Amino acid sequence: MKTAFVLSGGGNLGAMQAGSALALFEAGIEPDLLVGTSVGAMNSAFLATHHGLEGARALRDAWGALRRAEAVQLDPLRAVMGFFGFRDHLISAAQLRRLIAKWIPVDRIEDTTVPLGVVATDALSGETIVVTKGDVGAALAASGAIPGIFPPVNVEGRWLIDGSLSANHPVLEAQDLGADEIYLITTVTAPRNAPPKGAVAVAMNSVSLLTTRMARIQMAEARRRAQKRGGHVHVVPSAEPPAPGPFDYRRSAELSEQAYRRAQRWLSEEVPRGDAIGPNEPIVVPAAHGVLDSGVYSSDPS
């Protein structure tokens, strides 16, 4: 049985995934495959290159030390140029690329210790793309390229953007890569009582609402696959904290610790059962349907 950790998108909420993953490793659950979308792809790449319990602890510590200036570079002039159409983005990806280089000690995806799938979206067709070979920096930058916020990235001749738009919870993609036992690690936060503040936060929240509705349609397919193959989909419950602002990294250590404690309770008190739905309903999206020689999966069902 091949075990996979599947990590969703979530921006600066990625610290939560570090805590959840640490609890899994401490419980003796380790992945044979890592599949991630957006920040989940970054965390997956970290775990794929810093394997084992020590790697999970290192990821938690890295999030605890991370600050906004190291993750994003806000430039008012660039933002204005993007707003008036002189650029296709508001924020440069240069800072993100530097963080990728700092956190991920390999240049190519196929050099990771644990097999890795990086999920992105084709900017022209909307297809789900899973990159399994090639430049790790380009793939991770593409997976986190929120449209209009960060620039799209050309990977193997295709313009790619944020994977959460097409597969924010890529469980089916992990199944296509051969996973049987899947642990889905999300970044679910507490329900909002009011819209978030700030234009970027409102836009990101709106995208999240739309992709969640689309993704839920595919839950039946994920269950059917798991039952047919004898596998399981475990949804690691989130602590569901209040959401911070999209560029606020000051609570990372706190978010990680909350997720860690919640996952620990789930592992010790609520024995994970395949196909069982925890407090956070699992969400998946249409599966990829083929492997290209370039190491890119396409979700085109034709």
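Residues numbered from 1 in each chain as written. Predicted model: local features only at pLDDT ≥ 70, side-chain atom pairs only at ≥ 80, totals over all residues. Heavy atoms only, no water.

**A short note on the overall build of the protein**
When helices and strands are counted, the protein shows 12 helices and nine strands. Put simply, the protein has 302 residues, and 53% of those count as buried. Contacts in the protein between residues at least 24 apart in sequence constitute 76% of all its contacts with a sequence separation of at least 6. Here the protein has roughly 13,100 Å² of accessible surface; of this, 54% comes from carbon and sulfur atoms. (Helix = DSSP H or I, 4+ residues; strand = E, 2+ residues; numbered from the N terminus. Buried < 20%, exposed > 50% of the residue type's maximum accessible area, 1.4 Å probe, protein only. Contact = heavy atoms within 4.5 Å. Areas by Shrake-Rupley, 256 points an atom, 1.4 Å probe, with all protein chains shown as cover.)

**A look at helix H6 (residues 94-103)**
Along an α-helix, residues three or four positions apart point the same way, because every turn accommodates 3.6 residues. Looking at H6, one finds that the buried residues are Gln95, Leu96, Leu99, Ile100 and Trp103. Down the axis, H6 shows its buried residues gathered within 145° of arc, on one side only. At its buried positions, H6 is contacted by helix H2 (39-49), helix H3 (52-65), helix H4 (68-71) and helix H7 (136-143). (Arc of directions from axis to C-beta.)

**Looking at the confidence of the model for the protein**
For the protein, the average pLDDT comes to 83, and 79% of its residues sit at 70 or higher. Low pLDDT, under 50, characterises residues 77-82; the predicted model gives this stretch 11 contacts beyond four residues in sequence or across chains. Here residues 273-294 is a poorly scored stretch, pLDDT under 50, and it has 74 contacts once near neighbours within four places are set aside; other chains count. (pLDDT = per-residue confidence, 0-100.)

**Considering the pairing of strand S6 (residues 158-162)**
The pairing of strand S3 (residues 116-122) with S6 spans three bridges and is classified as antiparallel. Counted as the bridge partner of Ala120 is Asp162 from S6. Two strands pair when backbone bridges link them, and strand S5 (residues 153-155) and S6 are joined in this way by three bridges, in the antiparallel orientation. Looking at S6, one finds that Asn154 is bridged to Trp159. Two successive antiparallel strands, S5 and S6, enclose a turn made up of two residues, where Glu156 displays a positive phi of approximately 55°. (Pairing = 2+ DSSP bridges.)

**Considerations on the side chain of Gln175**
Locating Gln175 in the fold gives a position in helix H9 (residues 171-176). Residue contacts for Gln175: discarding those within four places in its chain leaves Ile182, Ala222, Arg225, Ala226, Arg229 and Val233.

**Describing the side chain of Glu181**
Within the secondary structure, Glu181 sits in strand S7 (residues 181-185). The class of Glu181 is buried, set by a relative accessible area of 14%. Of the polar contacts made by the side chain of Glu181, one reaches the side chain of His234; its length is 2.6 Å. Setting aside anything within four residues of it in sequence, one finds Glu181 in contact with Met1, Lys2, Thr3, Ala4, Gly231, His232 and His234. (Polar contact = N/O pair within 3.5 Å; in protein donor to acceptor, adjacent residues only side chain to side chain.)

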